[in-house]
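Working through the structure, step by step
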Amino acid sequence: MKDYQKNLEYIIDSLNIFERKIHIYNKLGLYNLSTLSENIIRDLFNIIFEKENYNFENANLFIPNVDSIDLKDDTNKIAIQVTTNNSYAKVKHTVDLFVDKNYYLNYDKLLIVIIDKKTGNWNNYPHNGYEFNIKNVLYLEDIIKLIKDLPPDKIATVRYYLEQEYEKIKLNKKANKL
């Protein structure tokens with residue numbers, strides 16, 4: 001139980017620090033951590049949803065800067081937009097693009113992951129017959145709740161993953177200083 005608590009505390013602290021760093025970097029016009037966040041969310045979701053056989057890939061590897069989709073699982077027909085913008089306008093814009101580009105024909109579900117603090121309560125958003133369920137908007141605190149419900153060995157896996165990512169970020173910073 002002690003390891004479970006320590007691992008969960010590490011995960012919570014790491015994700016909160018990461019969220020804060022992204023926010024500060026973005027305010028300064030530095031978006032490299034925002035781009036990195038797509039891969040971190042991808043890997044976290046692949047760990048969290050391993051039992052469901054989800055296999056998210058970065059959609060930008062196939063088509064650079066795809067509108068409204070950053071991550072995708074073609075087999076399970078799930079698309080994910082990762083953003084640091086927590087406004088309803090961003091959610092609406094993402095859904096509009098998702099529908100207007102006909103992505104909903106290939107993906108049954110659109111999730112929007114917002115790396116920022118949770119804002120107000122929003123309503124579902126219909127667009128041209130597509131009903132976006134606002135429950136499909138996830139914040140880091142929602143992801144932490146998903147992690148908290150994992151078995152202790154999976155929580156340890158998440159911690160190990162975050163430790164490795166943090167080390168990579170530190171090594172990149174040192175390399176950039178040289």
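Residues numbered from 1 in each chain as written. Predicted model: local features only at pLDDT ≥ 70, side-chain atom pairs only at ≥ 80, totals over all residues. Heavy atoms only, no water.

Brief notes about the overall build of the protein chain
Check the secondary structure of the protein chain and you find five helices and seven strands. Reading the secondary structure of the protein chain in the N-to-C direction produces α-α-β-β-β-α-β-β-β-β-α-α. Put simply, the protein chain has 178 residues, and 46% of those count as buried. Considering only intrachain contacts with a sequence separation of at least 6, the fraction spanning at least 24 residues in the protein chain is 62%. Carbon and sulfur atoms make up 51% of the accessible area of the protein chain, which totals about 10,400 Å². Charge-centre separation for the protein chain: the mean point of 25 positive side chains lies 6 Å from the mean point of 25 negative side chains. (Helix = DSSP H or I, 4+ residues; strand = E, 2+ residues; numbered from the N terminus. Buried < 20%, exposed > 50% of the residue type's maximum accessible area, 1.4 Å probe, protein only. Contact = heavy atoms within 4.5 Å. Areas by Shrake-Rupley, 256 points an atom, 1.4 Å probe, with all protein chains shown as cover. Lys, Arg positive; Asp, Glu negative; His and termini not counted. Charge placed at Lys NZ, Arg CZ, Asp CG, Glu CD.)

Structural notes on the pattern of salt bridges
In total, this model carries ten salt bridges according to the counting rule given. One salt-bridge network, held together by shared partners, links Glu 57, Lys 72 and Asp 74. (Salt bridge = Lys/Arg side-chain N within 4 Å of Asp/Glu carboxyl O.)

Section: the sheet that holds strand β1 (residues 57-58)
Sheet architecture is open: five strands sit in the order β1-β2-β3-β4-β7, paired in mixed fashion. Both outer strands of the open sheet, β1 and β7 (137-139), are each paired with one neighbouring strand and no more. With respect to the sheet, helix α4 (residues 140-148) is in contact with β4 (109-114) and β7, its orientation differing from that of β7 by roughly 80°. (Pairing = 2+ DSSP bridges. Axes fitted to C-alpha atoms, helices over the stretch in contact; angles between N-to-C directions.)

Overview of the pairing of strand β3 (residues 78-83)
Most of β3 is tucked away, with six of its six residues classed as buried. The pairing of strand β2 (residues 71-73) with β3 spans three bridges and is antiparallel. Within β3, the residue paired with Lys 72 across the bridge is Ala 79. Linkage of β2 to β3, two consecutive antiparallel strands, is achieved through a turn of four residues, within which Lys 77 is found at a positive phi near 60°. As paired elements, β3 and β4 share six bridges and run parallel to each other. By the bridge assignment for β4, Gln 81 is matched with Ile 112. Read from β3 through helix α3 (residues 88-100) to β4, the crossover connection turns out right-handed. (Right-handed = clockwise from strand over helix to strand, strands pointing away.)

Examining the nonpolar core
With 32 residues, the main nonpolar core has Ile 41, Phe 45, Ile 80 and Ile 147 as its most contacted residues. A per-element tally of this core places helix α2 (residues 32-48) first, with seven residues. Setting aside its immediate chain neighbours within four residues, Ile 41 contacts Leu 71, Val 82, Val 113, Ile 115, Leu 140 and Ile 143. In terms of nonpolar packing, the next biggest core, distinct from the first, is built from 20 residues, Phe 98, Trp 122, Val 137 and Tyr 139 among them. (Core = buried A, V, L, I, M, F, W, Y, C linked by side-chain atoms within 4.5 Å.)

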